[in-house]
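Topology and contacts: notes
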Amino acid sequence: RMASPALLMRVVASAYSVAEKAATIVRNVMSAGDLGIVEKAGPNDLQTKADRLVQMSICASLARKFPKVTIIGEEELPAEDVTEDLIEDSHCEEILKKPCPDQYTGIKEEELVIWVDPLDGTKEYTEGLLDHVTILIGIAYRGKAIAGVINQPYYNYEAGADAVLGRTIWGVLGIGAFGFQLTEAPAGKHIIVTTRSHSSTLVNECISALNPDTVIRVGGAGNKIIQLIEGKASAYVFASPGCKKWDTCAPEAILHAVGGKITDIRGNPFQYNKEVKHMNSAGVLATLRNYDYYASLIPNTVKQSLVP
């Protein structure tokens, strides 16, 4: 009889199914028509009924299966009993069949931290830019993002009525990333993907220093990492605070699993232990390939303006 799968693989397999359940909730809230929008810090910092229900669903489902794991979600929600219809108990068998990388086989529940962004790209969701929206579940060990799940609830939504909506991308360091076609950006082209709704003088100064051929402005950190791994952009550059640990943990694990790199604008790696502050206050620089090229072009004035 085979040994039971390592904890990490069980967590990822559950997170996969939990993310698919979350996508159904996101689509149901949208089709019911009442988004229940609340402003948090301002008009660009919104929370909807989908953010709230999805966070409750993800956190309660994972906490029930893995009670000693630390789970940190974006939304501050009142403690309330989660109704059974929000609980997802299943897991992805395919993931359990993959052998766990040796360095992660001995992990215990209390050593894992899960960072959850229930709806990354909330502003875009409220504006109907549905392909920008992702659900992010990132798994960290010893402060490092080691596995992640990104669900796009509206992937394919422009492909017509019969199209299957949504997809789930997952990855583990040492195994790889799955659920999409890894593609490199066109050689010799400098295509920068950056923020859509959080622009500033500094953000734009940094981008022009990279002398891009094209700048793509889209919502959501998860969405931007997908642009990199599908070859639609060569670098993701955001010279501003504002991005948080739950925005980058899952995307980082998937990007690193396929040989890419993400840091802050100064080149420092992100830390994901449970005590860490939530803000990535020195911005984001990420690429699938040629990280050093883009890092070398970031102006010192920009680096000095952003304090980690």
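Residues numbered from 1 in each chain as written. Predicted model: local features only at pLDDT ≥ 70, side-chain atom pairs only at ≥ 80, totals over all residues. Heavy atoms only, no water.

This paragraph deals with the overall build of the protein. Looking only at helices and strands, the protein features 9 helices and 13 strands. Across the 308 residues in the protein, those meeting the buried criterion constitute 55%. Sequence separation of 24 or more characterises 72% of the internal contacts of the protein that already satisfy a separation of 6 or more. If you sum the accessible surface of the protein, you get close to 13,200 Å²; carbon and sulfur atoms cover 50% of it. Charge separation in the protein, taken as the distance between the mean sites of 30 positive and 36 negative side-chain charges, equals 5 Å. (Helix = DSSP H or I, 4+ residues; strand = E, 2+ residues; numbered from the N terminus. Buried < 20%, exposed > 50% of the residue type's maximum accessible area, 1.4 Å probe, protein only. Contact = heavy atoms within 4.5 Å. Areas by Shrake-Rupley, 256 points an atom, 1.4 Å probe, with all protein chains shown as cover. Lys, Arg positive; Asp, Glu negative; His and termini not counted. Charge placed at Lys NZ, Arg CZ, Asp CG, Glu CD.)

Another point: the UniProt feature "binding site: Mg(2+)" (unreviewed entry) in the protein. Feature annotation in UniProt places "binding site: Mg(2+)" (unreviewed entry) on Glu-74, Asp-117, Leu-119, Asp-120 and Asp-247, given in this structure's numbering. Sequence-wise these annotated residues cover 174 residues; spatially they are packed, their C-alpha atoms never more than 9.6 Å apart. Secondary-structure assignment places Leu-119 in strand S4 (residues 112-120). The contacts of Leu-119, once residues within four sequence positions are left out, are Val-26, Thr-48, Ala-50, Asp-51, Tyr-125, Val-133 and Thr-134. Mapped onto the secondary structure, Asp-120 falls in strand S4. Apart from residues no more than four positions distant in its own chain, Asp-120 is found in contact with His-132, Val-133, Thr-134, Leu-136, Gly-220, Ala-221, Gly-222, Asn-223 and Asp-247. (UniProt positions renumbered as here; feature names shortened; annotations may be inferred.)

The subject of this paragraph is the sheet that holds strand S6 (residues 144-152). What the 6 strands build is an open sheet, ordered S3-S4-S5-S6-S7-S8; its pairing is mixed. The sheet is open, and its two edges are formed by strand S3 (70-73) and strand S8 (176-178), each paired on a single side. Neighbour to neighbour, the strand axes of the sheet diverge by 15 degrees on average, direction disregarded. Relative to S4, S3 runs parallel, the two being bridged by 4 bridges. Bridged to Thr-70 within S4 is Val-113. (Pairing = 2+ DSSP bridges. Axes fitted to C-alpha atoms, helices over the stretch in contact; angles between N-to-C directions.)

A few words on the nonpolar core. Ranked by size, the top nonpolar core spans 105 residues in total, and within it Leu-8, Ile-58, Trp-115, Tyr-125, Ile-137, Tyr-236 and Ile-265 carry the most contacts. Looking at this core, the element that brings in the most residues is helix H1 (residues 7-32), giving 15 residues. Each of two domains, domain 1 (7-178) and domain 2 (191-305), supplies a minimum of three residues to this core. Apart from the residues lying within four places of it in its own chain, the contact partners of Tyr-236 are Val-193, Ala-221, Lys-224, Ile-225, Leu-228, Cys-243, Val-284, Leu-285 and Ala-286. (Core = buried A, V, L, I, M, F, W, Y, C linked by side-chain atoms within 4.5 Å. Domains from an automatic or database assignment.)

A few words now on helix H2 (residues 49-65). Here H2 contains 17 residues, and its C-alpha end-to-end distance of 25 Å stays within 8% of the 24 Å for a straight helix at 1.5 Å per residue. When H2 is considered as a whole, its buried residues turn out to be Ala-50, Asp-51, Val-54, Gln-55, Met-56, Ser-57, Ile-58, Cys-59, Ala-60, Ser-61 and Leu-62. Here the buried face of H2 lies against H1, strand S2 (45-47), S3, S4, helix H4 (122-127) and strand S5 (134-141). With a side-chain oxygen positioned 3.1 Å from the backbone nitrogen of Ala-50, the residue opening H2 is Thr-48. (Expected span 1.5 Å × (residues − 1). Polar contact = N/O pair within 3.5 Å; in protein donor to acceptor, adjacent residues only side chain to side chain.)

Right, let's get into the domain arrangement of the protein. Here the domain parsing of the protein yields domain 1 (7-178) and domain 2 (191-305). The distance between the C-alpha centroids of domain 1 and domain 2 comes to 21 Å. Tallying the contact residues gives 41 residues for domain 1 and 30 residues for domain 2. Surface buried jointly by domain 1 and domain 2 totals about 2,600 Å² across both partners, of which 65% is contributed by carbon and sulfur atoms. Linking domain 1 to domain 2 there are 3 salt bridges. In this structure, the salt-bridge partner of Arg-167 is Glu-230, at a minimum N-O distance of 2.9 Å. (Buried area = accessible area lost by both parts, 1.4 Å probe. Salt bridge = Lys/Arg side-chain N within 4 Å of Asp/Glu carboxyl O.)

Once that is clear, we can look at the sheet that holds strand S13 (residues 284-287). Sheet strands associate in pairs through backbone hydrogen bonding, adopting either a parallel or an antiparallel arrangement. The 5 strands are arranged S10-S9-S11-S13-S12 in an open sheet whose pairing can be described as mixed. The sheet is open, and its two edges are formed by strand S10 (214-217) and strand S12 (261-263), each paired on a single side. Strand-to-strand twist of the sheet, defined as the mean angle between neighbouring strand axes without regard to direction, takes the value 20 degrees. Taken together, the 3 bridges between S12 and S13 define a ladder with antiparallel strand orientation. Within S13, the residue paired with Thr-263 across the bridge is Leu-285. Packing against the sheet, helix H5 (residues 201-209) makes contact with strand S9 (191-194), S10 and strand S11 (235-238), and its axis sits at approximately 165 degrees to S9.

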